[in-house]
Amino acid sequence: MKKVVKVKDLVIGEGIPKIVVPIVGKSISEIIEEAKELEYIDFDIVEWRADFFKNVTNINKVIEALEKIREIIPDKAILFTFRSFNEGGEREIDEDFYFELNKKVSKTKLIDIIDIELSKDNNKIIELIDLAHNNDLLVIISNHDFEKTPAKDEIIKRLCKAVELGADIPKIAVMPNSAEDVITLLDATRIAKEKYIKGPIITMSMAGKGIISRLSGELFGSAITFGSAKKASAPGQISVKELRKVLNILHTNM
């Protein structure tokens, strides 16, 4: 039996894929400006990409920024993400600080979902998941390949490993070098959803070639997609307005 996960008033894992929009400001003033602009955007979850924040190594500043985001966006789910440089993020921090940052943020009650990278130490991941769950957070475990699309079996293996570690939602994003790569990602998504993973998953093929994967999640099994308000946080993101329109068209006619 398939299961869904719930956060605030959202049910993730059924119906139209939920839309995540990123905040990527470098300063608190830029973050506040981006958050205020989201009032006019039809999105489901806001992702704060903290790796863009110039003061991210100051945890007090991080919490201050989160307080501002929550004040401006009180009713939407907030996803906290520090994306490491080797996974496509803006900067690198050492692994000990990565976990310290995520633990401190998890305890603030200011966020609803946290992203943890699959490439980190397994024992530390499990410890952070336990802390997040104890603070009523959903956990996404993510993996990114900005060079290629792994084989279908490898994509499925990584998604399953994330679930085995305790993820509520496993995520993988890969780079296509051909149309065949996009098909590989889509079929891996279908197989993982139909055969191996009961809960929601997130998959995407990046850049221009992979745009179809951001639109077709309801058919192939990806429960969340990412769109941009003003600035994209990854290659291939399209505007939330266009994304919502296409998702609705597909849903209505599916």
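Residues numbered from 1 in each chain as written. Predicted model: local features only at pLDDT ≥ 70, side-chain atom pairs only at ≥ 80, totals over all residues. Heavy atoms only, no water.

Where an unreviewed UniProt entry is consulted, the protein chain appears under the name 3-dehydroquinate dehydratase, with the organism given as Clostridium isatidis. Annotation of the protein chain in UniProt includes, under Pathway (unreviewed entry), the sentence "Metabolic intermediate biosynthesis; chorismate biosynthesis; chorismate from D-erythrose 4-phosphate and phosphoenolpyruvate: step 3/7." In the Sequence similarities (unreviewed entry) part of its UniProt record, the protein chain is described as follows: "Belongs to the type-I 3-dehydroquinase family." (UniProt positions renumbered as here; feature names shortened; annotations may be inferred.)

Q: Would you mind showing me how to read unusual backbone geometry here?
A: Glycine aside, negative phi is the norm for most residues, and most peptide bonds take the trans geometry. Positive phi, close to 50 degrees, is recorded for K8, a residue that is not glycine. Among the secondary structure elements, K8 is positioned in the loop between strand 1 (5–7) and strand 2 (10–12). On the accessibility criterion, K8 (45% relative accessible area) is partly exposed. (Helix = DSSP H or I, 4+ residues; strand = E, 2+ residues; numbered from the N terminus. Buried < 20%, exposed > 50% of the residue type's maximum accessible area, 1.4 Å probe, protein only.)

Q: Sorry, what's going on with the UniProt feature "active site" (unreviewed entry) in the protein chain here?
A: When the UniProt feature table is mapped onto this chain, "active site" (unreviewed entry) is found at H144 and K171. Taking the farthest pair of C-alpha atoms as the criterion, the annotated set spanning 28 residues converges on one region, since that pair is 8.5 Å apart. Inspection of the secondary structure assignment puts H144 in strand 7 (residues 138–145). Accessibility expressed as a relative area gives 11% for H144, which makes it buried. With respect to the element layout, K171 can be found in strand 8 (residues 169–174). K171 has contacts with R83, I140, I141, S142, N143, H144, L159, I202, M204 and F226, leaving out every residue within four places of it along the chain. (Contact = heavy atoms within 4.5 Å.)

Q: Help me understand the pairing of strand 5 (residues 77–81), please; the structure alone is not making it clear to me.
A: Looking along a regular strand, one sees the side chains alternate between the two faces of the sheet. Across the five residues of strand 5, five count as buried, placing the element largely inside the fold. The side-chain alternation of strand 5 yields two buried faces, one formed by A77, L79 and T81 and the other by I78 and F80. The β-α-β motif built from strand 4 (residues 45–49), the intervening helix 2 (residues 59–72) and the parallel element strand 5 has right-handed crossover chirality. Of the pairings in the sheet, the one linking strand 5 to strand 6 (residues 113–117) comprises two bridges and is parallel in character. Considered in strand 6, the bridge of F80 is made with I114. Between the parallel elements strand 5 and strand 6, the chain passes through helix 3 (residues 95–106) in a crossover that is right-handed. (Right-handed = clockwise from strand over helix to strand, strands pointing away. Pairing = 2+ DSSP bridges.)

Q: Explanation requested: the side chain of T81 in the structure shown.
A: The topology assignment puts T81 in strand 5. Under the relative-accessibility criterion, T81 is labelled buried at 0%. Among the polar contacts listed, one links the side chain of T81 to the side chain of E47, at a separation of 2.7 Å. Leave out the neighbours within four places in its chain, and T81 touches E47, W48, R49, A50, D51 and D115. (Polar contact = N/O pair within 3.5 Å; in protein donor to acceptor, adjacent residues only side chain to side chain.)

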